[in-house]
Amino acid sequence: MRITLRVIGIGPGGPRQVTLQAIDAMSDVDAFLALEKGTAKSGLLDARRVILDAHAREGYSLVEIPDPPRDRAPADYDAEVRRWHAARADLIATALRDEVGDGGVAAFLVWGDPALYDSTLRIVDDLSARDDLELTVEVIPGVTSASALTAAHGIVANRVGEPIHITTGRRLADTPAGADANQIVMLDADLAFRHTADPDDHIWWGAYVGTDDEILISGRVGDVTGQIVEARADARERIGWIMDIYLLRKASRPA
């Protein structure tokens, strides 16, 4: 079965941050595939629908695939993620056969950019290795949440000559010395900076960046941590899900 599979970066959520290349890639898709994460995160699917209503052809097909369960606190994190990705790939392969068919075009809409902390391309590698699927894979880059964050705050991500380290909340404490001058932190459900940052460090935090629900807070860590914790909890309760990101900068030099 021959299928064209497009992995389309759509930015951090704002419909106006979708690129012209992404819009072109949506124009002739037979079926858009979406892993449905449950009622609590239905807003993520609704946000995709807003983008598709604006840019896809009339009568587009959106195929919802129930996301398989995942252990959030496994003894072996890497093994659990690999198992979860394999389970996702099995469900997606079935959808490609049943909902797209030979010669069809399918697509995933990926938040931000497909290359930055997203698992879709790894799952596509699994699908491409299957004997009964002959995939032509096309990847369309998107505006990253990191660039949307710095733009929203009107800042440069690093001071002159300094590196930028991109990591996750889970790995923030493992950042080696010398790489922690400017850290962009993603996927941080526990706000790990509360335990790793110096109170004099500076933070630029944002949630739902680029959307109507955007929340921005910045300042000295010792001054704004409580504000961020409260704003994040309130937003998650009100909206049902949250996507946030922050830039953490050491206080060793003036910001």
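Under an unreviewed UniProt entry, the name given to the protein is Precorrin 6A synthase, and the organism recorded is Gordonia alkanivorans CGMCC 6845. Its UniProt record gives the protein a comment under Pathway (unreviewed entry), which states: "Cofactor biosynthesis; adenosylcobalamin biosynthesis."

### With respect to the overall build of the protein
The secondary structure content of the protein amounts to seven helices and ten strands. Taken against the 2.2 N^0.38 rule, which gives 18 Å for 255 residues, the C-alpha radius of gyration of the protein at 19 Å falls within 12% of a compact globule. Judged by the C-alpha coordinates and their principal axes, the protein covers about 60 × 40 × 40 Å. When the 255 residues of the protein are sorted by exposure, 47% land in the buried category. In the protein, the proportion of contacts linking residues at least 24 apart, taken out of those at least 6 apart, comes to 70%. Taken as a whole, the protein presents about 12,700 Å² of accessible surface, with 48% of it coming from carbon and sulfur. Taking the average place of the 27 positive charges on the side chains of the protein and the average place of its 41 negative ones, the gap between the two points comes to 4 Å.

### Re the nonpolar core
Core analysis: the largest hydrophobic core is formed by 39 residues, its most contacted members being Ile-8, Met-26, Phe-193 and Trp-205. Only α1 (20-26), α2 (42-55), β4 (105-110), β8 (202-207), β9 (215-220), α7 (221-239) and β10 (244-249) provide two or more residues apiece to this core. When residues in this core are grouped by element, the largest group, five residues, is from α7. Not counting residues within four places of it along the chain, the set of residues in contact with Phe-193 comprises Leu-172, Asp-188, Ile-203, Val-221, Thr-225, Ile-228, Tyr-246 and Leu-248. By size, the runner-up hydrophobic cluster in this structure holds 22 residues, among which are Leu-35, Ile-92, Ala-93 and Leu-96.

### Overview of the sheet that holds strand β2 (residues 31-36)
Pairing is parallel in the open sheet, where five strands are placed in the order β3-β2-β4-β1-β5. Since the sheet does not close on itself, it has two edges, and those belong to β3 (62-66) and β5 (134-140), each with one partner. Strand-to-strand twist in this sheet, taken as the mean axis angle between neighbours without regard to direction, amounts to 25°. Pairing geometry for strand β1 (residues 2-9) and β5, over seven bridges, is parallel.

### Here we look at helix α3 (residues 77-100)
Since the α-helix packs 3.6 residues into each turn, any two residues three or four apart lie on the same face. Across its 24 residues, α3 extends 33 Å between first and last C-alpha, which sits within 8% of the 34 Å expected from 1.5 Å per residue. Of all the residues in α3, the buried ones are Glu-80, Val-81, Trp-84, His-85, Arg-88, Ala-89, Ile-92, Ala-93, Ala-95, Leu-96 and Val-100. At its buried positions, α3 is contacted by β1, β2, β3, β4, α4 (120-128) and β5. In this structure Asp-76 caps α3, since a side-chain oxygen of it lies 3.4 Å from the backbone nitrogen of Asp-78. Of the residues trailing α3, Gly-101 is marked for its positive phi of about 85°.

### Thoughts on the packing of aromatic side chains
A full pass over the atoms with the stated rule returns three aromatic pairs. Taking the centre distance of 6.2 Å and the plane angle of 90° together, the rings of Phe-32 and Tyr-60 count as edge-to-face. Taken together, the positions of Phe-32 in strand β2 and Tyr-60 in the loop between α2 and β3 put the pair 28 residues apart, joining distant regions of the chain. Geometrically, the ring pair formed by Phe-193 and Tyr-246 is edge-to-face, given 5.1 Å between the ring centres and 70° between the ring planes. Placement of Phe-193 in helix α6 (residues 193-196) and of Tyr-246 in strand β10 is noted, with a sequence separation of 53 residues between them. Each member of the pair, Phe-193 together with Tyr-246, is buried.

### Points about the environment of Leu-247
By secondary structure assignment, the location of Leu-247 is in strand β10. The exposure class assigned to Leu-247 is buried, which follows from its relative accessible area of 0%. When the C-alpha atoms of Leu-247 and Ala-146 are compared, they prove to be 8.3 Å apart, with 101 residues separating the residues in sequence. Not counting residues up to four positions away in its chain, the partners in contact with Leu-247 are Leu-149, Ile-155, Val-156, Ala-157, Asn-182, Gln-183, Ile-184, His-202, Ile-203 and Trp-204.

Basis of the calculations
Residues numbered from 1 in each chain as written. Predicted model: local features only at pLDDT ≥ 70, side-chain atom pairs only at ≥ 80, totals over all residues. Heavy atoms only, no water. UniProt positions renumbered as here; feature names shortened; annotations may be inferred. Helix = DSSP H or I, 4+ residues; strand = E, 2+ residues; numbered from the N terminus. Rg over C-alpha atoms; globule rule 2.2 N^0.38 Å. Buried < 20%, exposed > 50% of the residue type's maximum accessible area, 1.4 Å probe, protein only. Contact = heavy atoms within 4.5 Å. Areas by Shrake-Rupley, 256 points an atom, 1.4 Å probe, with all protein chains shown as cover. Lys, Arg positive; Asp, Glu negative; His and termini not counted. Charge placed at Lys NZ, Arg CZ, Asp CG, Glu CD. Core = buried A, V, L, I, M, F, W, Y, C linked by side-chain atoms within 4.5 Å. Pairing = 2+ DSSP bridges. Axes fitted to C-alpha atoms, helices over the stretch in contact; angles between N-to-C directions. Expected span 1.5 Å × (residues − 1). Polar contact = N/O pair within 3.5 Å; in protein donor to acceptor, adjacent residues only side chain to side chain. Phe/Tyr/Trp six-rings, centres within 6.5 Å; stacked < 30°, edge-to-face > 60°.

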